[in-house]
Amino acid sequence: MKSPPTELPQSNTGLSVDAERLLSSLAAMAELGATPKGGVNRQTLTDLDREARDLFCTWCDEAGLSVRVDEMGNLFARRAGRDDNRDPVQTGSHLDTQPTGGRYDGALGVLAGLEVMRALNDADYVTEAPLELVMWTNEEGCRFAPAMMGSGVHAGLHDRDFMMQVEDPDGRSFGEELQRIGYQGPIPCTYRRNPTGALIELHIEQGPLLEDEGIAIGVVTGGQAQRWYEIELVGMESHAGTTPMPVRRDALVAAAGIVTAVRALGEEFAPHARTTCGVLEARPNSRNVIPGSVFLTVDMRHPDAQVLATMDARLRAAAGDSAGRERVTCTVRQILEVPAVEFHAEVVEAVRSATADLSYSHRDIISGAGHDAMNVARVAPAGMVFIPCVDGISHNEIENALPDDIIRGANVLLGALVSLADRPGLDTAA
Ligand code: GLV
Ligand code: MN
Ligand code: MN
């Protein structure tokens, strides 16, 4: 953290977070898996993830929160309310990162949520409904696909047993690794056992809009639709020096056609489409062997689910064409579908008014990234707060967020959570 935060306005409830405490917790968490370039590599269910969870649990314990763990390793840290029978108002995010991740993607939402609990403790403030801080397992999906796994099982979108068997690139299963790090809990992973009265997740925007427009807070009204695919191409391994060009069945050449087609789809459905091939594994990966098989991943997103469905059909056709030209077999498997999500009107309004109370500049925004709050939104009232990140960069070790922006976001989170927890109840039909 380079410069200390400046004096920022407090909400009209008089509550505010402790800036130094939040920034130092973020810095301490960022040491677990710190990379030489200033980022973090703390992939899910690794020893570093265990250390991050242990630190989280210690901090929760010190803040008087009682932690329960579900079967997917999701952690729920509870602060009792005046009426403890009400469904809790939740906040949180994730502590896992990309292999070349940043210090704020996920950790900000978890530790700002913790700071809200600490600030309420300092003020001896008891909310009507209980509050819960949630740490979701495997949001990133880089080691075990798909992404947002813990919240996905919780919301009933994925099958728990199927997810337990998913393997990482070294052939270790999610279930074995969860047990190995000691975070497979006894509680069923379902919103029916761990209900949500309302949920707000604070996150860096991970894009450039807020910074470009000089706006402090993004009031997130929804998230765009997203699909993930795994493509297997199988051709024929053979000698690079002797196999004539016309008889080759080169799986990598077929993959190259798909990568180019995926990029072209993103451009054709501009300005909102986003298309990426992130993983490409050619086998046997030897310079003088024609690649016999390839594994390739595709990530496609668009705010309009209909357009994304059209892009899906076009991807499948392009993959078939490219494979056909090279006479290789092609299997396209969709492994994740996140529909476009509209956040709950009353939760969105709570974020907007908490921001207005603090006189921070704000605008409505749709999330380009996937978030656990989008899974929760399928079963309970949910919303999000965004803050700017430097140059709009994320999923990169240079990811950064400014102290003032962090503190503003945490104060908005505090105000919105308290307002939701203190009102008689939400109109769940809204
Ligand atoms: C989450 O990290 C995403 O890929 O949107
Ligand atoms: Mn994230
Ligand atoms: Mn991420």
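Whatever comes next refers back to the structure up there.
This text gives an overview of the structure that appears in the document. From a predicted model like this one, the values you see are computed outputs, not experimental measurements.

## Side note on the overall build of the protein chain
Part 1 of the argument: Along the backbone of the protein chain there are 12 helices and 16 strands.
Part 2 of the argument: In terms of overall size, the protein chain behaves like a compact globule, its C-alpha atoms giving a radius of gyration of 23 Å where 430 residues would be expected to give roughly 22 Å.
Part 3 of the argument: Its C-alpha atoms give the protein chain principal-axis dimensions of roughly 80 × 45 × 45 Å.
Part 4 of the argument: Taking all 430 residues of the protein chain together, the buried fraction comes to 56%.
Part 5 of the argument: Considering only intrachain contacts with a sequence separation of at least 6, the fraction spanning at least 24 residues in the protein chain is 78%.
Part 6 of the argument: As presented, the protein chain carries roughly 17400 Å² of accessible surface, and 50% of it is formed by carbon and sulfur atoms.
Part 7 of the argument: Charge-centre separation for the protein chain: the mean point of 37 positive side chains lies 5 Å from the mean point of 62 negative side chains.

## Overview of the packing of helix α1 (residues 19–30) against helix α3 (residues 107–122)
Part 1 of the argument: In contact at an axis separation of 10 Å, α1 and α3 are set at 140° when each is read in the N-to-C sense. Overall, the two elements α1 and α3 adopt an arrangement that is oblique. Relative to α3, the crossing made by α1 is right-handed. Contacts between α1 and α3 pair Arg-21, Leu-22, Ser-25, Leu-26 and Met-29 from the former with Ala-107, Leu-108, Leu-111, Ala-112, Glu-115, Arg-118, Ala-119 and Asp-122 from the latter.
Part 2 of the argument: Considering only residue class, the contact of α1 with α3 consists of eight nonpolar, one polar and four charged.

## Some remarks on the coordination of the manganese ion (ligand 3)
Part 1 of the argument: Each protein donor to the manganese ion (ligand 3) is listed here as Asp-105 (OD), Glu-140 (OE), Glu-140 (OE) and His-395 (NE2); together their distances run 2.1 to 2.4 Å.
Part 2 of the argument: All donor residues of the manganese ion (ligand 3) come from one chain, and their arrangement in sequence is D-x34-E-x254-H.

## Digging into the environment of Asp-87
Part 1 of the argument: Within the secondary structure layout, Asp-87 lies in the loop between β2 (75–79) and β3 (89–94).
Part 2 of the argument: Under the relative-accessibility criterion, Asp-87 is labelled partly exposed at 41%.
Part 3 of the argument: With 107 residues separating them along the chain, Asp-87 and Asn-194 place their C-alpha atoms 8.7 Å apart.
Part 4 of the argument: Non-local contacts of Asp-87, meaning those with residues more than four positions away in its chain, are made with Ala-129, Pro-130, Pro-195, Thr-196 and Gly-197.

## Some thoughts on the side chain of Ser-394
Part 1 of the argument: Mapped onto the fold, Ser-394 is located in the loop between β16 (382–387) and α12 (403–422).
Part 2 of the argument: Looking at Ser-394, its side chain comes within polar contact range of the side chain of Gln-206, at 2.9 Å.
Part 3 of the argument: A distance of 2.7 Å separates polar atoms of two side chains, one belonging to Ser-394 and the other to Glu-399.

## Some words on unusual backbone geometry
Part 1 of the argument: Here the amide bond leading from Ala-145 into Pro-146 is cis, since omega sits at 10°, within 30 degrees of zero.
Part 2 of the argument: One can find Pro-146 in the loop between β4 (131–136) and α4 (149–154).
Part 3 of the argument: That bond from Arg-283 to Pro-284 is cis: its omega, 10°, falls within 30 degrees of zero.
Part 4 of the argument: Tracing the sequence through the fold places Pro-284 in the loop between β10 (280–283) and β11 (289–290).
Part 5 of the argument: Non-glycine residue Gln-206 carries a positive phi angle of around 70°.

Criteria and cut-off values
Every chain is numbered on its own, with residues counted from 1 as its sequence reads. Chains carry letters from A onward and ligands carry numbers from 1 onward, assigned in written order. For this predicted model, a pLDDT threshold of at least 70 governs which residues receive local features, and a threshold of 80 or more governs which side-chain atom pairs are given and counted, while totals over whole chains, interfaces and linings are taken from all residues. Side-chain numbers come from the whole structure's heavy atoms, not from hydrogens or water. The helix count covers DSSP runs of H or I at least four residues long, the strand count covers runs of E at least two residues long, and both are numbered beginning at the N terminus. Radius of gyration here is computed from C-alpha atoms only, and the compact-globule reference equals 2.2 Å multiplied by the residue count raised to the power 0.38. The rule is simple: take the accessible area with a 1.4 Å probe, protein chains only, and divide by the maximum for that residue type; under 20% is buried, over 50% is exposed, in between is partly exposed. Residue contacts follow a heavy-atom distance rule, with two residues in contact if any of their heavy atoms lie within 4.5 Å. Only the protein chains shown count as covering a residue, and every accessible area follows the Shrake-Rupley method with a 1.4 Å probe. This count recognises Lys and Arg as positive and Asp and Glu as negative, with His and chain-terminal groups excluded. The atoms used to mark charge sites are NZ of Lys, CZ of Arg, CG of Asp and CD of Glu. Axis definition: a line fitted to C-alpha atoms, limited for helices to the stretch in contact. Angles are taken between N-to-C directions and run from 0 to 180 degrees. When describing relative orientation, an angle under 35 degrees is termed roughly parallel and one over 145 degrees roughly antiparallel, while 65 to 115 degrees is termed roughly perpendicular and anything else oblique. The hand of a helix crossing depends on one turn: near helix anticlockwise from the far one by less than a right angle means left-handed, and clockwise means right-handed. Polar here means any residue outside two lists: the nonpolar Ala, Val, Leu, Ile, Met, Phe, Trp, Tyr, Cys and Pro, and the charged Asp, Glu, Lys and Arg; Gly therefore counts as polar. Each metal's donors comprise the N, O and S atoms found within 2.8 Å of it (within 3.2 Å for Na, K or Ca). Water is not part of the atom list, so some coordination spheres may appear incomplete. Polar contacts, as counted here, are pairs of nitrogen or oxygen atoms within 3.5 Å of one another; within protein the pair requires one atom able to donate a hydrogen and one able to accept it, and residues that are adjacent in sequence qualify only if both atoms are side-chain atoms.

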